[in-house]
Amino acid sequence: MIKDKVIVITGASSGIGEASAKLLAANGARVVLGARRENRLQALVSTIEAAGGQAAYRVTDVTKATDVQALVDLAKTKFGGIDVIFNNAGIMPTSPISALHTQEWNDMIDINLKGVLNGVAAVMPDFTKQKHGQIITTSSVAGIKSFTGAGVYGATKFAVRNLMEVIRMESAEEGTNIRTASLYPAAINTELLNTITDKAAKDGMEQFYAQVGITPDAVARVVNFAVDQPEDVNVNEFTIYPTKQE
Ligand code: NDP
């Protein structure tokens, strides 16, 4: 059931996070939105409230554990608890490894991997205590197979896939009923390609996405489905491909 669930979403200011926030709120969830761009978060909260939904936001940089903890704390003070965290914030500055964009490698590790760990750490004490909770993370098709140009991006996405599966297994062992899900979207038309600085990589991706990409509400519907399952059912891995993508 989605109604009245308190759901923290990172990377909520655009793309998949924004689409998921709107759909979950429309179905009665209380959503708590984090990202760095305040104007976008403010506008999204207004849109959700205007449609009769409940939402709050906090400017959040997922690389800072204190920021992510404060976002989860906001969920608790504003809505009385936390049921789900959707670790969705991410960047995708793809490039060949030989180009040695080492700062971007570090940024991807900090946002796509450590950012997810910060989300896990922020909810784990409450989830363990209440013996209930769900952790959904946006990995990628680059988290289940390898793509040239996505050496480090894929490494972060493979990593979070492993993390979700191990949390699921440990929760079963510990009897804490924590559910986890990994999403493996393929080409989804969002602002993600703006994070690519390598010109050749960006041109190639833009062309590809223009040909095959689908809208982010495709992923939002999957998030909605995962949250909607009964508490003893863990649907935990989803690939989401455009029909036009091989
Ligand atoms: P967008 O660029 O539209 O969204 C990315 C979101 O992440 C934004 O809200 C951005 O907000 C946020 N973000 C980036 N860095 C940080 C940070 N340091 N702290 C907090 N928030 C941050 O792209 P998508 O919606 O496509 O991306 C969402 C997720 O989906 C990512 O993890 C991406 O890797 C994954 N994905 C996307 C695919 C696609 O084809 N689009 C395919 C497979 C996976 P802000 O800049 O305001 O902080």
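Cut-offs and rules
Residues numbered from 1 in each chain as written. Predicted model: local features only at pLDDT ≥ 70, side-chain atom pairs only at ≥ 80, totals over all residues. Heavy atoms only, no water. pLDDT = per-residue confidence, 0-100. 1 Å grid on protein atoms, 1.4 Å probe; cavity = no way out; pocket = protein on both sides within 12 Å on 5 of 7 lines; lining within 4 Å. Points joined across faces, edges and corners; volume = space filled by probe spheres on them. Helix = DSSP H or I, 4+ residues; strand = E, 2+ residues; numbered from the N terminus. Nonpolar A, V, L, I, M, F, W, Y, C, P; charged D, E, K, R; others polar.

Peer 1: Explain the confidence of the model for the chain residue by residue, including any values.
Peer 2: Per-residue confidence for the chain gives a mean pLDDT of 98; residues scoring 70 or more make up 100%. Across the interface, the model reports ipTM at 0.99; the global pTM reads 0.99.

Peer 1: I'd like a rundown of the layout of surface pockets, residues and numbers included.
Peer 2: Roughly 990 Å³ of internal volume is contained in the largest pocket. Lining the largest pocket are 46 residues, and of these G90, I91, M92, Y153 and L192 lie nearest its centre. Sorting the residues of the lining of the largest pocket by element identifies α1 (15–26), β2 (30–35), α5 (151–174) and α6 (199–212) as the ones contributing at least two each. Considering every element that reaches the lining of the largest pocket, the biggest residue donor is α6, with four residues. Across the lining of the largest pocket, the residue classes break down as 21 nonpolar, 19 polar and six charged. Looking at the second largest pocket, its volume works out to about 160 Å³. As for the second largest pocket, its lining consists of K3, K22, A25, A26, G28, A29, T47, I48, A51, G52, G53 and Q54. For the lining of the second largest pocket, the element with the highest residue contribution is α1, accounting for three residues. In terms of residue class, the lining of the second largest pocket is built from five nonpolar, five polar and two charged.

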